[in-house]
Amino acid sequence: MLIISLTIIASLFYVLATSHVLSRLFHQQGPSQKVTVILSTVAIVAHMLLLVNSVFRSDGQDLSIVNVSLLTCWVIVVSVTAVSLKFPATLLLPVVYGFGALLTIASLFIPHHILLQSINIEVGLVTHISLSLLAYCILIIATLYGVQFYFIDKRLKRKDLAIVHSHLPPLMVVERQLYQLLNLGTILLTFA
């Protein structure tokens, strides 16, 4: 029952955050960062509690593909939300929050109970898995930045003046961040 409640809370607040960002996506001042952070923080905390209660069970650890997907989604949501506090990433937020809502709801309906009684923890293997997962998350975020770059570039080539007066970041800033993310993801993947 706790898992169902946490799933509903997380997905509800992801949907609210998505709706808030989408409602003012092309407004000159953009969505309220305070409201976005509050809604997304509640969703992120509920998502984290859902992960803890789904993976760490009394009879072992459930490391099914659904729980690993939930973990990956959580890392991406936290990363994009943290980045959006410093850099404008408003175009990415509805995609990430919307996917978080869909995945948390889908986790209720997809059977996913693969229990491991004990896990042999080897430092090399844990390091490899952690670095690979982190590199995957960073490269997914870089992919989202690539989509954002394409969208802004397309609007600028059409001479759409609405994009000039919107709160979206300049094209060169998005390009620089995209290359930084690609370099970081590649370096982490190389170390993994």
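Residues numbered from 1 in each chain as written. Predicted model: local features only at pLDDT ≥ 70, side-chain atom pairs only at ≥ 80, totals over all residues. Heavy atoms only, no water.

**A look at the overall build of the protein**
So, point 1. A tally of regular secondary structure across the protein gives 7 helices and 3 strands.
So, point 2. Ordered by position from N to C terminus, the α and β elements of the protein give α-α-β-β-α-α-β-α-α-α.
So, point 3. By principal-axis analysis of the C-alpha atoms, the protein measures approximately 60 × 40 × 25 Å.
So, point 4. Across the 192 residues that make up the protein, the buried fraction comes to 39%.
So, point 5. Within the protein, contacts between residues separated by at least 24 positions form 77% of all contacts whose residues are at least 6 apart in sequence.
So, point 6. Total accessible area on the protein is roughly 11,000 Å²; 72% of this is exposed by carbon and sulfur atoms. (Helix = DSSP H or I, 4+ residues; strand = E, 2+ residues; numbered from the N terminus. Buried < 20%, exposed > 50% of the residue type's maximum accessible area, 1.4 Å probe, protein only. Contact = heavy atoms within 4.5 Å. Areas by Shrake-Rupley, 256 points an atom, 1.4 Å probe, with all protein chains shown as cover.)

**A closer look at the side chain of S84**
So, point 1. Mapped onto the fold, S84 is located in helix α3 (residues 65-86).
So, point 2. For S84, a relative accessible area of 17% translates into the label buried.
So, point 3. Once residues within four sequence positions are removed from consideration, S84 is found in contact with Q33, A89 and L93.

**A few points about the environment of I44**
So, point 1. When you line up the elements, I44 lands in helix α2 (residues 33-55).
So, point 2. We classify I44 as buried; its relative accessible area is 12%.
So, point 3. In sequence terms I44 and A142 are 98 residues apart; their C-alpha atoms lie 21 Å from each other.
So, point 4. Setting aside anything within four residues of it in sequence, one finds I44 in contact with Y14, W74, V77, V78 and T81.

**Comments concerning the state of the cysteines**
Throughout this description, disulfide means a covalent bond between two cysteine sulfur atoms.
So, point 1. Throughout the structure, instances matching the rule amount to 0 disulfides.
So, point 2. The structure places no disulfide on C73, whose sulfur is separated from the nearest cysteine sulfur, that of C137, by 9.1 Å.
So, point 3. For C137, a relative accessible area of 1% puts it in the buried group. (Disulfide = S-S within 2.5 Å.)

**Some words on helix α4 (residues 93-109)**
So, point 1. The end-to-end C-alpha distance of α4, which contains 17 residues, comes to 25 Å, matching closely the 24 Å that a straight helix rising 1.5 Å per residue would cover.
So, point 2. Turning to α4, its buried residues number three or more, namely L93, P94, V96, Y97, G100, A101, L103, T104 and S107.
So, point 3. Buried residues along α4 sit against α1 (2-23), α2, α3 and α5 (123-157). (Expected span 1.5 Å × (residues − 1).)

**Considerations on the pattern of salt bridges**
So, point 1. Evaluation of the coordinates by the stated rule reveals 1 salt bridge.
So, point 2. Of the charged contacts, one joins K157 and D153 as a salt bridge, the two residues approaching to 3.3 Å between their closest N and O atoms. Here the residue K157 and the residue D153 both occupy positions in helix α5, the gap between them amounting to 4 residues, near one helical turn.
So, point 3. Judged by its relative accessible area of 60%, K157 falls in the exposed class. (Salt bridge = Lys/Arg side-chain N within 4 Å of Asp/Glu carboxyl O.)

**So, the packing of α5 against helix α7 (residues 171-191)**
So, point 1. Running from N to C, α5 and α7 point in directions that differ by 160°, and their axes come no closer than 8 Å. Classed by the angle they form, the pair α5 and α7 counts as roughly antiparallel. The handedness of the crossing between α5 and α7 comes out as left-handed.
So, point 2. Classifying every residue of the contact of α5 with α7 by side-chain character gives 20 nonpolar, 5 polar and 2 charged. (Axes fitted to C-alpha atoms, helices over the stretch in contact; angles between N-to-C directions. Parallel < 35°, antiparallel > 145°, perpendicular 65-115°, else oblique. Left-handed = near helix turned anticlockwise from the far one by under 90°. Nonpolar A, V, L, I, M, F, W, Y, C, P; charged D, E, K, R; others polar.)

**Let's talk about α2**
So, point 1. Under the 1.5 Å per step criterion, the end-to-end length of α2 is 32 Å for 23 residues, consistent within 8% with the ideal 33 Å.
So, point 2. Among the residues of α2, those classed as buried are T36, L39, S40, A43, I44, A46, H47, L50, L51, S54 and V55.
So, point 3. The inward-facing, buried residues of α2 abut α1, β1 (56-57), β2 (60-62), α3 and α4.

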